[in-house]
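Next come the chains, spelled out residue by residue.
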Amino acid sequence: MTIDWINFAPWSALAGGLLIGAACAALILFNGKIAGISGVLGGLLGGLFKPARGDIGWRAALIGGLVVAPVIYALTAPLPAVTIAADNVVLIAAGLLVGLGTRYGAGCTSGHGVCGLSRRSPRSMVATAIFMLAGFVTVYLVRHVLA
């Protein structure tokens, strides 16, 4: 393994991590809610049909922030080039598998990995370990077995 020292950007990664941590902490401190994106989005979409009082606003604001943040970033610096080395069928299958996994795992990497681990949730520790193991196995299979 080698590090791409030309594109190594620890300060922007640190700033991003601090912003994510601060946002998650603020949401749980001021609203009592966990910033798990699959749950937030699922509650927003489900809430459109059966809205709970005061529940749609914070969910829409969080998802809206995720959409607006790259636009604001693009005004100050060029966005990095995105290269996707997979065809549409693989991307659709991957998206469906991730969606299925977040339903069976009762959350996603942001909910379990960021918020759950910081709260020392045993369920989140197990879920995050499974996410990581599945990622390791997938990369090994794709790069070394199927390549």
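Throughout what follows, the structure given in this document is the object of discussion. (Residues numbered from 1 in each chain as written. Predicted model: local features only at pLDDT ≥ 70, side-chain atom pairs only at ≥ 80, totals over all residues. Heavy atoms only, no water.)

Re the overall build of the protein
Then step 1. Looking only at helices and strands, one finds six helices and zero strands in the protein.
Then step 2. N-terminal to C-terminal, the α/β element order of the protein is α-α-α-α-α-α.
Then step 3. Seen through its principal axes, the protein has C-alpha atoms that stretch 50 × 40 × 35 Å.
Then step 4. Each of the 147 residues in the protein was classed as buried or not, and the buried ones make up 16%.
Then step 5. Pairs at least 24 apart in sequence give 39% of the contacts found in the protein among residues at least 6 apart.
Then step 6. Accessible area for the protein stands at about 11400 Å²; split by element, carbon and sulfur atoms hold 72% of it. (Helix = DSSP H or I, 4+ residues; strand = E, 2+ residues; numbered from the N terminus. Buried < 20%, exposed > 50% of the residue type's maximum accessible area, 1.4 Å probe, protein only. Contact = heavy atoms within 4.5 Å. Areas by Shrake-Rupley, 256 points an atom, 1.4 Å probe, with all protein chains shown as cover.)

As for the nonpolar core
Then step 1. Judged by nonpolar contacts, Cys 24, Leu 27, Ala 35, Val 40, Leu 44, Trp 58, Ile 63 and Cys 115 together constitute the single largest core of eight residues.
Then step 2. Secondary-structure elements contributing two or more residues to this core are helix H1 (10–31), helix H2 (37–47) and helix H3 (56–76).
Then step 3. Leaving out residues up to four positions away in the same chain, Cys 24 has contacts with Ala 35, Val 114 and Cys 115. (Core = buried A, V, L, I, M, F, W, Y, C linked by side-chain atoms within 4.5 Å.)

Some details on unusual backbone geometry
Then step 1. Positioned with a positive phi, Ala 106 is a non-glycine residue whose angle comes to about 55 degrees.
Then step 2. Structurally, Ala 106 is set in the loop between helix H4 (88–104) and helix H5 (109–118).
Then step 3. A relative accessible area of 46% means that Ala 106 is categorised as partly exposed.

Let's talk about H3
Then step 1. Look at H3: 30 Å from first C-alpha to last across 21 residues, which is about the 30 Å you get at 1.5 Å a residue.
Then step 2. Of all the bends found along H3, the most pronounced is centred on Val 67 and spans about 30 degrees, while Pro 70, a proline, follows it within four residues.
Then step 3. Taken residue by residue, H3 has Trp 58, Arg 59 and Ile 63 as its buried positions. (Expected span 1.5 Å × (residues − 1). Bend = angle between axes of the 7 residues up to and from the residue.)

As for the packing of H5 against helix H6 (residues 122–145)
Then step 1. Across the interface, H5 lies against H6 with an axial gap of 9 Å and an inter-helix angle of 130 degrees. When the axis of H5 is compared with that of H6, the two are oblique. Considering the relative orientation of H5 and H6, their crossing is left-handed. Of the residues in H6, those touching H5 at Thr 109, Gly 111, His 112, Gly 113, Gly 116 and Leu 117 are Arg 123, Ser 124, Met 125, Ala 127, Thr 128 and Phe 131.
Then step 2. Grouping the amino acids of the contact of H5 with H6 by side-chain chemistry returns four nonpolar, seven polar and one charged. (Axes fitted to C-alpha atoms, helices over the stretch in contact; angles between N-to-C directions. Parallel < 35°, antiparallel > 145°, perpendicular 65-115°, else oblique. Left-handed = near helix turned anticlockwise from the far one by under 90°. Nonpolar A, V, L, I, M, F, W, Y, C, P; charged D, E, K, R; others polar.)

Here we look at the pattern of salt bridges
Then step 1. All chains considered together, the criterion is met by one salt bridge.
Then step 2. Of the charged contacts in the structure, one is a salt bridge between Asp 55 and Arg 59, with a shortest N-O distance of 2.9 Å.
Then step 3. Under the relative-accessibility criterion, Asp 55 is labelled buried at 14%.
Then step 4. Overall, the relative accessible area of 12% leaves Arg 59 in the buried class. (Salt bridge = Lys/Arg side-chain N within 4 Å of Asp/Glu carboxyl O.)

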